[in-house]
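For reference, the chains in residue letters:
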Amino acid sequence: MAFVRSQPTLEVMGNFGPTAQVNLQLVNDFPSATSDPITAPTWNLEYRGGFGPANLMLQYGGYSGGESSYMTLGVNVKVSDINAYIDYTMDNKKDNAHSAIVADIDYARGDMDFFVKYSTYDVVQDGTDVEGNSATASETVSATMDDFEDNGTSISIGANLAWHKSYNPYFAYVMRSADFLDGDSTESRGDSNILIGVSGTI
């Protein structure tokens with residue numbers, strides 16, 4: 001959930017057919033992580049269902065006394081040796097909005113497991129998305145140089161090799177980019193890395 005802290009009050013669950021499930025949760029929203037101010041009634045509605053090789057999850061909820069809301073849509077598809085997953089989240093707060101996309105595709109071929117992973121994170125502040133707007137916003141007064149600002153993106157391409165039951169060599173090429181605070185403006189930065197290693201169990 002998108003809440004800092006929450007206290008469950010009621011949960012209703014219903015099954016529709018062999019694969020569809022709907023959950024409704026009513027909670028008390030604590031705006032602060034440490035103190036106990038007056039709580040705000042909050043809700044979360046979730047749907048899960050299967051359609052052939054695809055599984056769908058949809059969440060929608062409201063919090064902060066109805067002034068904020070969020071939505072998550074996720075799809076998982078399994079076809080033969082391919083397993084693909086993608087989800088999209090939008091968190092509409094009272095004074096800004098956050099969105100994120102996560103995608104993961106795996107393809108198994110013999111002892112090789114190839115993968116592509118993609119993620120992005122975007123912030124829209126105060127109804128606009130101008131350069132450096134987070135550096136002067138009241139909620140980020142304590143922000144310092146080089147703090148993450150906006151437009152984070154990561155892409156990974158690689159493979160795991162199942163050569164042994166106790167250890168698996170892997171390699172990956174990772175590309176990352178984002179905007180970081182630079183005074184009252186922002187600076188776009190990026191890097192790329194080649195990763196080679198071994199994962200395993202003892």
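Worth saying up front: this structure is predicted, and the values here are computed from it rather than measured.

Conventions we followed
Residues numbered from 1 in each chain as written. Predicted model: local features only at pLDDT ≥ 70, side-chain atom pairs only at ≥ 80, totals over all residues. Heavy atoms only, no water. Salt bridge = Lys/Arg side-chain N within 4 Å of Asp/Glu carboxyl O. Helix = DSSP H or I, 4+ residues; strand = E, 2+ residues; numbered from the N terminus. Phe/Tyr/Trp six-rings, centres within 6.5 Å; stacked < 30°, edge-to-face > 60°. Buried < 20%, exposed > 50% of the residue type's maximum accessible area, 1.4 Å probe, protein only. Contact = heavy atoms within 4.5 Å.

(A) Broad picture of the pattern of salt bridges. On inspection of all chains with the given rule, the structure shows three salt bridges. Here E46 makes a salt bridge to R48, at a shortest N to O gap of 3.0 Å. Across the pair D104 and K117 runs a salt bridge, and its minimum N-O distance is 2.8 Å. Of this pair, D104 sits in strand β7 (residues 96-109) while K117 sits in strand β8 (residues 112-125), placing them 13 residues apart in sequence.

(B) Representation of the packing of aromatic side chains. This structure, assessed with the given rule, holds two aromatic pairs. When the ring of W43 is compared with that of Y60, the centres are 5.4 Å apart and the planes differ by 55 degrees; the resulting orientation is tilted. With W43 in strand β3 (residues 40-51) and Y60 in strand β4 (residues 54-63), this pair connects stretches of sequence that are 17 residues apart. Residue class for W43 comes out partly exposed when judged on its relative accessible area of 32%. By relative accessible area, which is 40% here, Y60 ends up partly exposed. The interplanar angle of 25 degrees and the centroid separation of 6.5 Å between the aromatic rings of Y107 and F114 together place this pair among those described as stacked. Since its relative accessible area comes to 35%, F114 is described here as partly exposed.

(C) The environment of A97, seen in detail. Tracing the chain through its elements places A97 in strand β7. When the C-alpha positions of A97 and Y70 are compared, they lie 9.3 Å apart, and in sequence the two are 27 residues distant. With sequence-adjacent residues up to four places away left out, A97 is seen in contact with M90, D91, N92, D122, V123 and V124.

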